[in-house]
Amino acid sequence: MVCLITALKAQQRDPGRCNVYVNNRFELALPMLDVSAEGLQVGQSLHEDQLEHLRQLADRGQWYRAAVQYLAVRRRSRREIMDYLRRKEADPEEIPAIVERLESSGLVDDLAFGKAWVADRLALRPRSRRQLEQELQAKGLSLATIATVLAEVAPETEDSALCQLISRKRRQYPDDERLIRYLQRQGYSYDQIKQVLHGLSE
């Protein structure tokens, strides 16, 4: 069967996208950039493998747009995006290319994500360095990236977070020994806890 491009029409709602008609029937939609890059023209004949390639491009664009919308809510790590695309049943073979495109455009950046995550945590609900490390690991960041992110957390910042936690929990744990055990479970070292408690008692 001959596959002939019979029309290329910009979408009314999104002029940056183009509807591709093959044999007078709507076949797929592509970004205008892809239409240009593929050299598509009205009257062009397509082999079946070429048409399949265009379908794959269209699918990839669909999942790319879904990922961009997902990112519009808040920053996401690389693993979060990959997990999201899997949940949405994107083609597993296409996911790496979609994520790479997001990274090349700066929409996905694990280092920037990690820094923003830590800044938010320390500002809104202070945590120990160990807790932050565990959270970043759960988000899929590499150990090297986590080390870079946490290297920027000053000791005074962590001590300040510990002070805030002690203030919140002092009534619940009036006894120092119980309070220390609780704080150790939150990832603070014994020496650090004793030093901050000593400073608060002065």
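Above this text you will find the structure in question.
I will try to describe carefully the structure that is included in this document. (Residues numbered from 1 in each chain as written. Predicted model: local features only at pLDDT ≥ 70, side-chain atom pairs only at ≥ 80, totals over all residues. Heavy atoms only, no water.)

So, the packing of aromatic side chains
Okay, step 1: Applying the stated criterion to the full structure yields 4 aromatic pairs.
Okay, step 2: Plain terms: the ring middles of Tyr173 and Tyr182 are 4.9 Å apart, the flat faces sit at 25 degrees to each other, and that makes the pair stacked. Tyr182 carries the same exposure label as Tyr173, and that label is buried.
Okay, step 3: The ring of Tyr21 carries the charged tip of Lys9 above its face, separated from the ring centre by 5.1 Å. (Phe/Tyr/Trp six-rings, centres within 6.5 Å; stacked < 30°, edge-to-face > 60°. Buried < 20%, exposed > 50% of the residue type's maximum accessible area, 1.4 Å probe, protein only. Lys NZ or Arg CZ within 6 Å of the ring centre and 35° of its normal.)

Things to note about the nonpolar core
Okay, step 1: The biggest cluster of nonpolar side chains holds 16 residues, and the ones touching the most others in it are Trp63, Ile81, Leu85, Ile95, Ile98, Val99 and Leu102.
Okay, step 2: When contributions to this core are tallied by element, the ones reaching two or more residues are α2 (48–73), α3 (78–87) and α4 (95–104).
Okay, step 3: It is α2 that contributes the most residues to this core, 6 residues altogether.
Okay, step 4: Apart from the residues lying within four places of it in its own chain, the contact partners of Val99 are Arg78, Ile81, Met82 and Leu85.
Okay, step 5: Grouped together as the second largest cluster of nonpolar side chains are 14 residues, Cys3, Cys18, Leu54 and Leu57 included. (Core = buried A, V, L, I, M, F, W, Y, C linked by side-chain atoms within 4.5 Å. Helix = DSSP H or I, 4+ residues; strand = E, 2+ residues; numbered from the N terminus. Contact = heavy atoms within 4.5 Å.)

Some words on unusual backbone geometry
Trans is the common state for peptide bonds, and a negative phi is the common state for residues other than glycine.
Okay, step 1: Even without a glycine there, the phi angle at Asn23 is positive, about 55 degrees.
Okay, step 2: With respect to the element layout, Asn23 can be found in the loop between β2 (17–22) and β3 (25–31).
Okay, step 3: Asn23 gets classed as partly exposed once you look at its relative accessible area, which sits at 25%.
Okay, step 4: The phi torsion at Asn24 lies on the positive side, around 70 degrees, for a residue other than glycine.
Okay, step 5: Summarising the element assignment, Asn24 is placed in the loop between β2 and β3.
Okay, step 6: On the basis of relative accessible area, Asn24 is assigned to the exposed category, the value being 67%.

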